[in-house]
Amino acid sequence: MLKGFGTVLTKELRELVRDPKILLGMIIVPLIMFPVLGSIMSFSIQSAAEQAKKASALVLDRDGGIYATAFMENLKANGVKIYNLTNVNPEEAVNRGLLSEYNTTQIIEIPNGFSENITRHLAGETNVTTYVKLYSVFSGTGIVEDVGSSLIDLLVERLNRQYAPDLMKTSKASIIKGQIYENVDPRTLSGLMISQAIAMPITIMILLTYSMQIAATSVAMEKEEKTLETLLTLPMDRFAILMGKLSGSILVAGIGALAYMVGFNYHMGSFASFSAVSGLDLASVGLAPSLLGYVLLGISLFVTLLSALALAVILSAFAEDVRSAQSMVGYIYPFLFVPSLALMYVDINMLPLAARIALYAIPYTHPIIASKAVTMGDNLTAALGIVYVAIFTLVIMYVASRLFATEKILTMKLKFKGFRKREKSAVAE
Amino acid sequence: MKTAVEATEVTKFFGNIKALDGLNLKVNTGEIFGLIGPNGAGKTTCLRVISTLLLPTSGTVKVFGLDVSADAPEVRKIITYLPEEAGAYRNLSGWEYLQFMANFSARNKDEKYVAVQEAAEICGLGDRLRDKVKTYSKGMKRRLLIARALMPKPRLAILDEPTGGLDVLHSYHIRGIIKRYAKNRDTTVLLSSHNMLEVEHLCDKVALVNKGKVVAEGKPAELRDKYGSVNLEDVFAKVVGLA
Ligand SMILES: Nc1ncnc2c1ncn2[C@@H]1O[C@H](COP(=O)(O)OP(=O)(O)OP(=O)(O)O)[C@@H](O)[C@H]1O
Ligand SMILES: [Mg+2]
């Protein structure tokens, strides 16, 4: 037996169990985080299913025959709400804004000669076939999406079984930013974008946790070594101490954001080579950020890092040493991890309003939202996110500067029972 | 003789804990003044109030006539403070640390150069100044920090347990530094200590602090006479109530 092992283990366990921060971080957080994540996922799957149920489409019946009518009946029977338009071709439908007018994202085109071709096929001319064509708007990302595409495939397959095999085919096109791209299945696009939808949040999680640890450690080191106390008695502006510390972290954050952008660019580049195989070029279909988009994404990332760093500095200012500073910063992690993981699975616009507001309120989601938005060419969303996070950061920095101006920086400790009775507000500089 | 520090009826609460309880203190210019008292007596709190880190809950503290609450920025220009058990930036070398700290007091490059040279001499660390602080022993670190506290020629140097936890030789060295450099440079020193022998030899005046109050004050010899004791340790025991 290892002599003394049991004794050390007992002491270790006792110490760990008595440190509420560890309890909170290791046990409570996962206990809360996973159910939350689980419900987000099941919600997203459920809402996708519901969306399929109440799916709608513009049907451009350019045939007018009995089989066209039968096809539409079949769509209805499968819960698809249809708006039948005649004498309109898909380009016109897109250009005239009919999609938004009817509040749908899909166009099903039944081509001229649809019924006739079916009749001829059924009469023995088996080399005569026909097709229906689905145009769907490519909206965003998220792992569960694009039920419409599969639904059409399913319907056509069923009809083929009913009438004759190999009678009908589906043809797919995507509408991206108001432009029709023939032979581009939205599902393929989603597949391509999913890898981005996952890569982005993961990178952001790593970047933020890392830089927050750096900032927290640097402040806690000053407290632990009492160098902060020395600085506070020097004839200097106390705000300068805070800004000096923050700027150091900002520099780290800036380099981090830059490295991230280089990585992101490379990541998008790897799509280009991937698309060479699939015959699809994301940039040429407009699914790559513009230069402005890249700049906005970079800024978004930067202000978000800044807000996280400022918060890390404040929290660690309450801690007496490095270890407790790090667990203090750990309290921020759920607010980072839950939304990041959630946004891998769902597009923010699919969520109910309350969840959407909650996600928008958390600053760390904004680079993730921005990265999707700029890819789709929606620079406004990214810009608004930047404004929000910037305001959030300013508020945090104001609080931090108030903290540094008073003795609270030395005497305040976060307690689990809540704050101690506050002392009379201290002197301002 | 001018007054360097004057504390009048100072109280300080931390929540419900009363750390200072009507403390009165007067330090004259040019003195080396020692605070002694048991653990938790309030020495550190007292020094932190004087060095503008904490606000007194009530009472006033004046440093060379400047109020520590109202004129904190002015007070900070004429004092230096060495926290209890302080460290320096671990990844800087001793030189770099002194240079960094000199930036706050020196008005130009020449002044800074002279100050750092002097501080290097005061601490007596020689070539080791080029090594990172994290490689220093406790005693070396303290010598570096004392040198930095005396470097800007402050009118008042506040040193919380300058020799706490150090061996005889390092303590001896540090006492030598304080005596030599403070006296020659018009710096008043206010320090705290647990070492009676040290206080007896080093300090012109001492104050015994207990439970947030000054319970006895005077020159070491006066105190010994007054309490009929052979040394300060004995005085301490009598006043605090152990004997
Ligand atoms: N930040 C703080 N929060 C709460 N209580 C404090 C704080 N700082 C000091 N105290 C309390 O104030 C009292 C005086 O402490 P102080 O550190 O001034 O004593 P001291 O004389 O320096 O002791 P020592 O000789 O051990 O250094 C103690 O009861 C201590 O617990
Ligand atoms: Mg003390």
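Rules used throughout
Residues numbered from 1 in each chain as written. Chains lettered and ligands numbered in written order. Predicted model: local features only at pLDDT ≥ 70, side-chain atom pairs only at ≥ 80, totals over all residues. Heavy atoms only, no water. Helix = DSSP H or I, 4+ residues; strand = E, 2+ residues; numbered from the N terminus. Buried < 20%, exposed > 50% of the residue type's maximum accessible area, 1.4 Å probe, protein only. Contact = heavy atoms within 4.5 Å. Areas by Shrake-Rupley, 256 points an atom, 1.4 Å probe, with all protein chains shown as cover. Donors = N, O, S within 2.8 Å, 3.2 Å for Na, K, Ca; no water. pLDDT = per-residue confidence, 0-100. Buried area = accessible area lost by both parts, 1.4 Å probe. Salt bridge = Lys/Arg side-chain N within 4 Å of Asp/Glu carboxyl O. Polar contact = N/O pair within 3.5 Å; in protein donor to acceptor, adjacent residues only side chain to side chain. Nonpolar A, V, L, I, M, F, W, Y, C, P; charged D, E, K, R; others polar. Core = buried A, V, L, I, M, F, W, Y, C linked by side-chain atoms within 4.5 Å. Pairing = 2+ DSSP bridges. Axes fitted to C-alpha atoms, helices over the stretch in contact; angles between N-to-C directions. Patch = residues over 30% accessible without salt bridge, like charges linked within 9 Å, V, L, I, M, F, W, Y side chains within 5 Å. Near = heavy atom within 4 Å.

1. Quick notes on the overall build of chain A
Then comes step 1: Helix and strand counts for chain A stand at 17 helices and 6 strands.
Then comes step 2: Counting only residues that meet the buried cut, chain A has 48% of its 429 residues in that class.
Then comes step 3: In chain A, of all internal contacts separated by at least 6 residues, the share reaching a separation of at least 24 is 77%.
Then comes step 4: Surface summary for chain A: the accessible area is close to 20,600 Å², and the carbon and sulfur share equals 64%.

2. What about the side chain of A:Thr365?
All names here are of chain A.
Then comes step 1: Within the secondary structure, Thr 365 is located in the loop between helix H14 (353-361) and helix H15 (366-375).
Then comes step 2: Classification of Thr 365 by relative accessible area gives buried; the value is 0%.
Then comes step 3: Apart from the residues within four sequence positions on either side, Thr 365 is in contact with Pro 339, Leu 343, Leu 359 and Tyr 360.

3. A look at the coordination of the magnesium ion (ligand 2)
Then comes step 1: For the magnesium ion (ligand 2), the protein coordination sphere consists of B:Thr44 (OG1), B:Glu84 (OE) and B:Glu84 (OE), at 1.8 to 2.8 Å. Linking B:Thr44 in helix H1 (residues 43-50) with B:Glu84 in the loop between strand E6 (79-82) and helix H3 (94-102), this pair joins segments that are 40 residues apart in sequence.

4. Topic: the confidence of the model for chain B
Then comes step 1: Overall, the predicted model of chain B reaches an average pLDDT of 91, with 99% of residues at or above 70.
Then comes step 2: As scored by the predictor, the complex reaches a pTM of 0.75 and an ipTM of 0.92.

5. What to know about the interface of chain B and chain A
Then comes step 1: Listed as interface residues are 29 residues of chain B and, on the opposing side, 24 residues of chain A.
Then comes step 2: It is B:Leu53, B:Arg76 and B:Phe104 in chain B that bury the most area against chain A; as a group they hold 27% of the surface buried on that side.
Then comes step 3: Linking chain B with chain A are 2 salt bridges.
Then comes step 4: The salt bridge involving A:Glu407 is made with B:Lys12; its shortest N-O contact spans 2.9 Å.
Then comes step 5: The interface formed by chain B and chain A contains 8 residue pairs in polar contact (both at pLDDT 80 or more).
Then comes step 6: Broken down by secondary-structure element, the contributors of at least two residues to the side of chain B that touches chain A are strand E1 (3-14), helix H2 (72-78) and H3 of chain B.
Then comes step 7: Ranked by residue count, the leading element in the side of chain B that touches chain A is E1(B), at 3 residues.
Then comes step 8: Looking at side-chain class alone, the side of chain B that touches chain A contains 14 nonpolar, 7 polar and 8 charged residues.

6. Observations regarding the pattern of salt bridges
Then comes step 1: Considering all chains together, one arrives at 24 salt bridges over all chains under this definition.
Then comes step 2: A salt bridge links B:Lys18 to B:Asp21; its shortest N-O distance comes to 3.4 Å.
Then comes step 3: Between B:Lys183 and B:Asp204 there is a salt bridge, and its shortest N-O distance comes to 3.1 Å. Taken together, the positions of B:Lys183 in helix H6 (residues 168-184) and B:Asp204 in the loop between helix H7 (196-202) and strand E9 (205-210) put the pair 21 residues apart, joining distant regions of the chain.
Then comes step 4: One salt-bridge network, held together by shared partners, links A:Glu116, A:Arg120 and A:Glu125.

7. Things to note about the nonpolar core
Then comes step 1: B:Leu25 and B:Ile50 are the most contacted members of the largest nonpolar core, which totals 153 residues.
Then comes step 2: Considering every element that reaches this core, the biggest residue donor is helix H11 (residues 291-317) of chain A, with 15 residues.
Then comes step 3: Those residues in contact with B:Ile50 that sit more than four places away from it in its chain are B:Val5, B:Leu25, B:Val61, B:Val63, B:Val68, B:Val75, B:Ile79, B:Leu156, B:Ile158 and B:Leu190.
Then comes step 4: With 22 residues, the next largest nonpolar core counts A:Tyr67, A:Phe71, A:Ile118 and A:Leu155 among its residues.

8. Let's talk about the pairing of E6(B)
Residues and elements named next belong to chain B.
Then comes step 1: Of the two faces of E6, the one carrying Ile 79 and Tyr 81 and the one carrying Thr 80 and Leu 82 are both buried.
Then comes step 2: In this structure, E6 lies alongside strand E7 (residues 156-160), joined through 4 bridges in parallel fashion. Counted as the bridge partner of Thr 80 is Ala 157 from E7.

9. Let's talk about the sheet that holds strand E3 (residues 106-110) of chain A
All names here are of chain A.
Then comes step 1: Here 6 strands make up an open sheet; going across it, the order is E2-E1-E3-E4-E5-E6 and the pairing mixed. Since the sheet does not close on itself, it has two edges, and those belong to strand E2 (81-85) and strand E6 (179-182), each with one partner. In this sheet, adjacent strand axes meet at a mean angle of 25 degrees when their direction is disregarded.
Then comes step 2: The sheet contact formed by strand E1 (residues 56-61) and E3 spans 4 bridges and is parallel. Its bridge partner lying in E3, Asp 61 is registered against Ile 110.
Then comes step 3: Contacts from helix H3 (residues 66-77) reach E1, E2, E3 and strand E4 (130-137), with the element oriented near 150 degrees to E3.
Then comes step 4: Sheet contacts for helix H6 (residues 114-122): E3, E4 and strand E5 (168-176); angle to E4, the most-contacted strand, approximately 140 degrees.

10. Examining a nonpolar patch on the surface
Then comes step 1: A cluster of nonpolar side chains, A:Leu2, A:Phe5, A:Leu9, A:Leu13 and A:Leu16, forms an exposed patch at the surface whose accessible area comes to about 470 Å².
Then comes step 2: By secondary structure assignment, the location of A:Leu16 is in helix H1 (residues 5-18).

11. Concerning the pairing of strand E4 (residues 58-63) of chain B
All names here are of chain B.
Then comes step 1: Relative to E4, E1 runs antiparallel, the two sharing 5 bridges. Residue pairing for E4: Ala 7 is matched across the bridge by Val 61.
Then comes step 2: Once E4 ends, the chain turns through 2 residues before running back antiparallel as strand E5 (residues 66-67), passing Phe 64 with a positive phi of about 50 degrees.

12. Re the site of ligand 1
Residue and element names in this part refer to chain B.
Then comes step 1: The immediate surroundings of ligand 1 are formed by 14 residues, with Gly 40, Lys 43, Thr 44, Thr 45 and Glu 84 found nearest.
Then comes step 2: Taking Lys 43, its side chain carries an N or O atom lying 2.7 Å from an oxygen atom of ligand 1.
Then comes step 3: Protein contact buries 72% of the 640 Å² of open area that ligand 1 shows by itself.
Then comes step 4: Where the shell around ligand 1 is concerned, the elements lending two or more residues are strand E2 (17-28) and H1.
Then comes step 5: Partitioned by chemical class, the residues of the shell around ligand 1 number 5 nonpolar, 6 polar and 3 charged.

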